[in-house]
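Read off the chains here:
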Amino acid sequence: MPSSTKAYALEQLEQSIISDKVCPELAAEATQLVFGDGDPNSDIVFIGEAPGKNEDKTGLPFVGAAGKFLDEMLATIDLKRSAVYITNIVKYRPPNNRDPLPAEKKAFLPYLQRQLEIIQPKLVIALGRHAANCFLPELRISEEHGKPKRLTLSFSQDRLTIVLLPLFHPAAALYNGSMRQTLIDDFSIIPEIINQISNPELVLRNSNYLTLF
Ligand code: URA
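Everything numeric in this text was worked out from a predicted model, so none of it was measured.

K.L.:
Teacher, can you tell me more about the overall build of the protein chain here?
P.N.:
Each helix and strand in the protein chain was counted, giving eleven helices and seven strands. What you see for the protein chain is a C-alpha radius of gyration of 16 Å, in line with the 17 Å of a compact globule of 213 residues. Taken along its principal axes, the extent of the C-alpha atoms in the protein chain is 45 × 45 × 30 Å. Every one of the 213 residues in the protein chain was classed for burial, and the buried ones make up 50%. Once local pairs closer than 6 in sequence are excluded, the contacts in the protein chain between residues at least 24 apart make up 74%. When the accessible area of the protein chain is evaluated, it comes to approximately 10,300 Å², of which 50% is carbon and sulfur surface. Charged side chains of the protein chain number 22 positive and 25 negative; the gap between the two group centres comes to 1 Å.

K.L.:
Just to check I follow, could you spell out the site of the ligand for this structure?
P.N.:
Near the ligand the following residues occur: Gly48, Glu49, Ala50, Glu55, Pro61, Phe62, Asn88 and His169. Contact distances for the ligand include 3.0 Å between a nitrogen atom and a backbone N or O atom of Ala50. Contact distances for the ligand include 2.7 Å between a nitrogen atom and a side-chain N or O atom of Asn88. Burial of the ligand by the protein chains amounts to 92% of its free accessible area of 240 Å².

K.L.:
Just checking my understanding: could you explain the layout of surface pockets for this structure?
P.N.:
The calculated volume of the largest pocket comes to roughly 400 Å³. As for the largest pocket, its lining consists of 20 residues, of which Ala50, Gly52, Ala66, His169 and Ala171 are closest to the centre. Sorting the residues of the lining of the largest pocket by element identifies helix H3 (53–58), helix H4 (65–76) and helix H8 (170–174) as the ones contributing at least two each. Class assignment of the residues belonging to the lining of the largest pocket gives a composition of nine nonpolar, six polar and five charged.

K.L.:
For this particular structure, what's the right way to read the pairing of strand E6 (residues 159–167)?
P.N.:
Regular strands have side chains that alternate between both faces of the sheet. Burial within E6 is extensive, with seven of its nine residues counted as buried. As paired elements, strand E4 (residues 123–127) and E6 share five bridges and run parallel to each other. Looking at the pairing, Ala126 lines up with Pro166 of E6. By the bridge criterion, six bridges tie strand E5 (residues 149–154) to E6 in an arrangement that is antiparallel. Considered in E6, the bridge of Thr152 is made with Thr161. Here E5 folds back onto E6, and the loop between the two strands holds four residues.

K.L.:
Looking at this model, I keep getting lost on the packing of aromatic side chains. Mind explaining?
P.N.:
For any pair of aromatic rings, the description rests on two quantities: the centre-to-centre distance and the angle between the ring planes. With the rule as written, the count across this model stands at two aromatic pairs. Between Phe46 and Phe187 the ring centres are 6.0 Å apart and the planes differ by 20°, which places this aromatic pair in the stacked class. Of this pair, Phe46 sits in strand E2 (residues 44–48) while Phe187 sits in helix H9 (residues 177–187), placing them 141 residues apart in sequence. Comparing Phe46 with Phe187 shows no difference in burial state: the two are buried. Centre to centre, the rings of Tyr92 and Phe108 are 5.9 Å apart; their planes meet at 65°, and the pair counts as edge-to-face. A residue pair is termed long-range when its members are at least 10 positions apart, and Tyr92 in the loop between strand E3 (85–88) and helix H5 (102–119) and Phe108 in helix H5 qualify at 16 residues. No difference in accessibility class separates Tyr92 from Phe108, as the two residues are buried. Its guanidinium or amino end placed over the ring of Phe69, Arg180 lies 4.4 Å from that ring's centre, counting from NZ or CZ.

K.L.:
Just to check I follow, could you spell out the side chain of Lys91 for this structure?
P.N.:
Looking at where Lys91 falls in the secondary structure, it is placed in the loop between E3 and H5. For the buried Lys91, which has no salt bridge, the nearest side chain bearing the opposite charge is Glu14, at an N-O separation of 10 Å. Polar side-chain contacts of Lys91 include one of 3.3 Å to the side chain of Thr87. Excluding its chain neighbours within four sequence positions, the residues that come into contact with Lys91 are Ile17, Gln32, Leu33, Val34, Phe35, Pro51, Phe108, Leu112 and Gln115.

Criteria and thresholds
- Residues numbered from 1 in each chain as written.
- Predicted model: local features only at pLDDT ≥ 70, side-chain atom pairs only at ≥ 80, totals over all residues.
- Heavy atoms only, no water.
- Helix = DSSP H or I, 4+ residues; strand = E, 2+ residues; numbered from the N terminus.
- Rg over C-alpha atoms; globule rule 2.2 N^0.38 Å.
- Buried < 20%, exposed > 50% of the residue type's maximum accessible area, 1.4 Å probe, protein only.
- Contact = heavy atoms within 4.5 Å.
- Areas by Shrake-Rupley, 256 points an atom, 1.4 Å probe, with all protein chains shown as cover.
- Lys, Arg positive; Asp, Glu negative; His and termini not counted.
- Charge placed at Lys NZ, Arg CZ, Asp CG, Glu CD.
- Near = heavy atom within 4 Å.
- Polar contact = N/O pair within 3.5 Å; in protein donor to acceptor, adjacent residues only side chain to side chain.
- 1 Å grid on protein atoms, 1.4 Å probe; cavity = no way out; pocket = protein on both sides within 12 Å on 5 of 7 lines; lining within 4 Å.
- Points joined across faces, edges and corners; volume = space filled by probe spheres on them.
- Nonpolar A, V, L, I, M, F, W, Y, C, P; charged D, E, K, R; others polar.
- Pairing = 2+ DSSP bridges.
- Phe/Tyr/Trp six-rings, centres within 6.5 Å; stacked < 30°, edge-to-face > 60°.
- Lys NZ or Arg CZ within 6 Å of the ring centre and 35° of its normal.
- Salt bridge = Lys/Arg side-chain N within 4 Å of Asp/Glu carboxyl O.

Shape descriptors only; they carry no functional weight alone.
Rendered as structure tokens:
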């Protein structure tokens, strides 16, 4: 799909969240929908949990403290934020920044899947357990962070093979010295993954298991 067509398809998808009235209680308390930001033609998609206060205000994902930390980490590997695509599972801010409820994650999952189907990324970076567990419900982020996995996603029409990289969530790592360093260290393997993305042997050498679903 050409990038302009992808952008159009994403706009349609964004509108459908509103017209389908997904999570009306969250929508009623939120300022606006925070759908996603960046290059829809990128091979790399970052997925967080849900918008916070600053994201709710601006309509953009990861623009608060966790977002600044994410930008800093992107800079360490020479990746511009505008060169990747960033989104969340849940696209309205949960009140008082509470964790998204299982029902809220479930309600938004088809839209996240469609977002990935449109973008067709090669590398999906799950920021935190909520995002990682969308793909691998049993995954323990404390054990699997920084270990890339090759997954095949099944959509209604087609399938997409991606590499999933689970990472700690930047908000959790921000004020926790050892977790922060672990996240920075895990981030540093991203360029290697990008270089080797088409080589299943090499990209999975860090991985414990291969999952197909
Ligand atoms: N945390 C998230 O998970 N997403 C955001 O957009 C901001 C903070």
